[in-house]
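Structural description and commentary
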Amino acid sequence: MSNDNNPFKSIEEKFAEKQRAKKIAQQKKKETPDISKAPLEFKKYLKTTITITALFAIAVILVANLFIVKENEYRVVRQFGEIKRIVETPGINMKIPFIQDVTTLPKSQMTYNVSEAEINTKDKKRIIIDNYAVWKITDPRKMVSNARNIVNAESRMEEFIYSVVRSELGQL
């Protein structure tokens, strides 16, 4: 066994002991984090974190307010229910965030299958009719102002078609 006060101890042994003491001290430092540096690191990254978050939020809002118009459709832009514009040309367009809504109307021909009905003819015979209608939206502004959407337009058409067919076939 060697004593720390031993004058005969070699220099190499003293150096090796100092190195072991340094390693033990470094390990103790690693085990206990330095709390005084943590707030400085947090403040250092706070500005960049806020900037990145703000840029991400702006990008999400911009992308959410883009809309694409295809070749075979109309896009109706409404602001608080009132029609502001109707976009007919294909491409990417933008609406005002949180204020405007966009609805889609088809440009192509559509078919509506009218439900079967039983009609009495002039000579009191009963006929069951099954018909359909082929229709197309030519003026989206009038369609939206009169029927609001395609479902309402088709229900109005069914009533009109049924009354016309009944009156025409009732004369037979």
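Above this note sits the structure.
For the structure given in this document, a descriptive report is provided here. (Residues numbered from 1 in each chain as written. Predicted model: local features only at pLDDT ≥ 70, side-chain atom pairs only at ≥ 80, totals over all residues. Heavy atoms only, no water.)

Our focus in this paragraph is helix α3 (residues 140-147). Every buried residue of α3 is accounted for by P140, M143, V144 and A147. On an axial view of α3, the arc spanned by its buried residues comes to 100°, and they lie on one face. In α3, the exposed positions angled more than 90 degrees off the buried face are occupied by K142, S145 and N146. Where α3 is buried, its residues contact β2 (73-79), β3 (82-87), β5 (100-106) and α4 (150-170). Once α3 finishes, R148 follows within two positions and takes phi at roughly 75°, a positive value. (Buried < 20%, exposed > 50% of the residue type's maximum accessible area, 1.4 Å probe, protein only. Helix = DSSP H or I, 4+ residues; strand = E, 2+ residues; numbered from the N terminus. Arc of directions from axis to C-beta. Contact = heavy atoms within 4.5 Å.)

Ranked by size, the top nonpolar core spans 20 residues in total, and within it L105, W135, I137, M143 and I161 carry the most contacts. Elements supplying a minimum of two residues to this core: β2, β6 (110-113), β7 (117-120), β9 (132-135), α3 and α4. Take this core: its biggest share by element is four residues, from α4. When sequence neighbours within four positions are dropped, the list of residues in contact with L105 reads E73, Y74, V76, I137, P140, M143, V144 and I150. (Core = buried A, V, L, I, M, F, W, Y, C linked by side-chain atoms within 4.5 Å.)

Peptide bonds are, in most cases, trans, and in most cases residues other than glycine have a negative phi. A positive phi is found at K124, a non-glycine position, where the angle reads about 65°. Note on placement: K124 falls in the loop between β7 and β8 (126-129). In this model, R148 sits at a positive phi of 75°, which is unusual for a non-glycine residue. Positionally, R148 belongs in the loop between α3 and α4.

This part covers the sheet that holds β5. Spatial strand order, β3-β2-β5: three strands in an open sheet with antiparallel pairing. Sheet topology places β3 and β5 at the edges, where each strand pairs with a single neighbour. With direction set aside, neighbouring strand axes in the sheet form an average angle of 25°. As judged from the seven bridges shared by β2 and β5, these two strands associate in the antiparallel manner. Looking across to β5, one finds that E73 is bridged to P106. (Pairing = 2+ DSSP bridges. Axes fitted to C-alpha atoms, helices over the stretch in contact; angles between N-to-C directions.)

Take the side chain of E73 next. Along the chain, E73 turns up in strand β2. One polar contact links the side chain of E73 to the main-chain amide nitrogen of K70, over a distance of 3.1 Å. Not counting chain neighbours up to four residues away, the residues in contact with E73 comprise I68, V87, E88, T104, L105, P106 and K107. (Polar contact = N/O pair within 3.5 Å; in protein donor to acceptor, adjacent residues only side chain to side chain.)

Once that is clear, we can look at α4. With 21 residues, α4 extends 29 Å between its outermost C-alpha atoms, agreeing within 8% with the 30 Å of an ideal straight helix rising 1.5 Å per residue. Among the residues of α4, those classed as buried are A153, E154, M157, I161 and V165. Taken around the axis of α4, the buried residues stretch over an arc of 85°, which confines them to a single face. Projecting away from the buried face of α4 at angles above 90 degrees are the exposed residues E159 and F160. Packed against the buried residues of α4 are β6, β7, β8, β9 and α3. (Expected span 1.5 Å × (residues − 1).)

Another aspect to go through is the packing of aromatic side chains. We describe a pair of aromatic rings using the distance from one ring centre to the other and the angle between the two ring planes. Applying the stated criterion across every chain yields a total of zero aromatic pairs. The positively charged end of K107 is found above the aromatic ring belonging to Y74, 5.4 Å away from the centroid. (Phe/Tyr/Trp six-rings, centres within 6.5 Å; stacked < 30°, edge-to-face > 60°. Lys NZ or Arg CZ within 6 Å of the ring centre and 35° of its normal.)

Next up on the list: the environment of S163. Checked against the element boundaries, S163 lands in helix α4. Overall, the relative accessible area of 31% leaves S163 in the partly exposed class. Within the structure, S163 has its side chain in polar contact with the backbone oxygen of F160 (distance 2.9 Å).

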